[in-house]
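A look at the structure
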Amino acid sequence: MKDIYFDNSATTKLDEEVLKEMIPYLENQYGNASSIYKLGRESKKAIEEAREKVAKAIGAEPEEIYFTAGGSESDNTAIRGIAYAYRNKGNHIITSKIEHPAVLETCKQLEKEGFEITYIDVDENGILKLEQLKKAIRNTTILISIMFANNEIGTLQPIKEIGEIAKEKHIFFHTDAVQAVGSVKINVKEMNIDSLSMSAHKFYGPKGIGALYVKRGIKFQKLINGGHQEKNKRAGTENVPAIVGMGKAIELAYQDLEDHTRKIEKLRDYYVEEVRKRIPYIKINGDLEKRLPGNSNISFRFIEGESMLLNLDLKGICASSGSACTSGSLDPSHVLLAIGLPHEIAHGSLRISIGKYNTKEEVDYLLDNLTKIVERLRNMSPLYEEFLKGEKKNNGAI
């Protein structure tokens, strides 16, 4: 049985063109980029070419790009690095309640170190409450960190407006754009973004490599000590094959962005409409318009998300109930709770994230199996039986 993959928000398949670009640096061009002989210089040149590609994709300058091991390291470096570097100016940081754990856990740790964190609410669609953000700003606020796109419900935040607020108040603005890079157009200068995190494996690049953009002139304290790599901001021998792969992956993503977006939006919209037709008592989570093109997050009443996942897996279908980074937890999604869902409905959520390799035939296979699985699980649910007896009033609405 072949696996059918609908979890592209968790990770993506490595593009064959990206792998082809990486192979020479895994075989014959293996030099350490810090070495001065030809083999080392070739590696150094490849790194700088990749840096230029990453910078171009987001409207930055190459010297503003620092390679990391992935999105979590980039988030930690941006938030901790700026917080430590500007602690003499203030100790207050603003973020949102629906951030990725790489941001939320970093902020919780900073609270233990004497920093003050304000967690801003979102509305029922997961959009940040801008007025609450404005009111939260203090004289001691040094950083605002708001994700570009949510990893669970796909909601896109008003990044440009947040950037304008931060710029007006002379506050640094960082965005976790791990889910957004490669899926939406980004220009850090036009959006007043001071720092941005990304990870290659979200846009068909290799795992274990990411990048951090920090606007020229902004100080940040390094977190890893050792050699002088990455302009003395991130010690460690560079992962040349992965960096080369990231450069190629982001180049390909933005070459084909419009075609890619149209294709997966069409498949996503088809999936959502068919679920609406076939399965009652659901709720679509997240903004219907301001969202990532391939993301769909739907709550199915009266059943557990984990049961759906296990049954889908038996049919060779890979999906998710939320973030892969918190999949070991039995607690309901903090994102779904933040948008106002009660625990029992939040537990029944299913995230489908469609990518460039998915087909309509695969979506139809998913729909056919999901319809049967939901029906079977509901028929086993005492809550559903009780509902059918006396409370079936709104025909599909929650």
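Looking at the pattern of salt bridges
- One pass over the full model with this rule turns up 27 salt bridges.
- Here D269 ties to R268 by a salt bridge, and the two come within 2.8 Å at their closest N and O atoms.
- Among the ionic contacts, a cluster of salt bridges with common partners joins E21, K53, K248 and E251.

Some remarks on the confidence of the model for the protein chain
- Model confidence for the protein chain is summarised by a mean pLDDT of 94, while 95% of its residues fall at 70 or above.
- Counting contacts from residues 323–327, a segment whose pLDDT is below 50, to residues more than four positions away or on other chains yields eight contacts.

Here we look at helix α1 (residues 16–27)
- Taking 1.5 Å per residue, twelve residues should reach 16 Å; α1 reaches 17 Å between its end C-alpha atoms and fits that length.
- Of the residues making up α1, those classed as buried are V18, M22 and Y25. An end-on view of α1 places all buried positions within 45° of arc, on one side of the element. When the buried face of α1 is taken as reference, the exposed residues oriented beyond 90 degrees from it are E16, K20 and E27.
- Of the surrounding secondary structure, the elements contacted by the buried residues of α1 are α2 (38–58) and α8 (240–255).

Points about the packing of aromatic side chains
- Summed over all chains, the structure comprises nine aromatic pairs.
- Ring geometry for Y204 versus Y357: centroids 5.6 Å apart, planes at 85°, classification edge-to-face. On the criterion of sequence distance, the pair formed by Y204 in the loop between β7 (195–199) and β8 (210–214) and Y357 in the loop between β12 (349–353) and α13 (360–379) is long-range, its members being 153 residues apart.
- Ring geometry for F302 and F387: centres 4.9 Å apart, planes at 40°, overall tilted. Pair noted here: F302 is in the loop between β10 (295–300) and α10 (305–314) and F387 is in helix α14 (residues 382–390), with a separation of 85 residues, a long-range link.
- Owing to a relative accessible area of 14%, F302 belongs among the buried residues under this scheme.
- Among the aromatic residues, ring-to-ring pairing joins Y281, F302, Y384 and F387 into one connected group.
- Just above the ring of F220 sits the side chain of K233; from NZ or CZ to the centre is 4.6 Å.

Reading the values: the criteria
Within any chain, residue numbers begin from 1 and follow the written order of that chain's sequence. With pLDDT at 70 or above as the cut-off, local features in this predicted model cover only qualifying residues; side-chain atom pairs require 80 or more to be listed or tallied, and sums for whole chains, interfaces and linings still use all residues. Side-chain numbers come from the whole structure's heavy atoms, not from hydrogens or water. Every case where a carboxyl oxygen of Asp or Glu lies within 4 Å of a side-chain nitrogen of Lys or Arg is listed as a salt bridge. Confidence of the predictor at the level of single residues is given by pLDDT, which spans 0 to 100. Here a residue-residue contact requires only that any non-hydrogen atoms of the pair lie within 4.5 Å. A run of H or I in DSSP becomes a helix once it reaches four residues, and a run of E becomes a strand once it reaches two; helices and strands are each numbered from the N terminus. The span one expects for a helix is its residue count, reduced by one, times 1.5 Å. Relative accessibility decides the category of a residue: with a 1.4 Å probe and only protein chains considered, values under 20% of the type maximum give buried, values over 50% give exposed, and everything between is partly exposed. Our arc is simply the arc of the directions from the helix axis toward the C-beta atoms. Aromatic contacts are taken between Phe, Tyr and Trp rings whose centres are within 6.5 Å, Trp giving its six-membered ring; a plane angle under 30 degrees counts as stacked, one over 60 as edge-to-face, and the others as tilted. For a Lys NZ or an Arg CZ to count as sitting over a ring, it must be within 6 Å of the ring centre and within 35 degrees of the ring normal.

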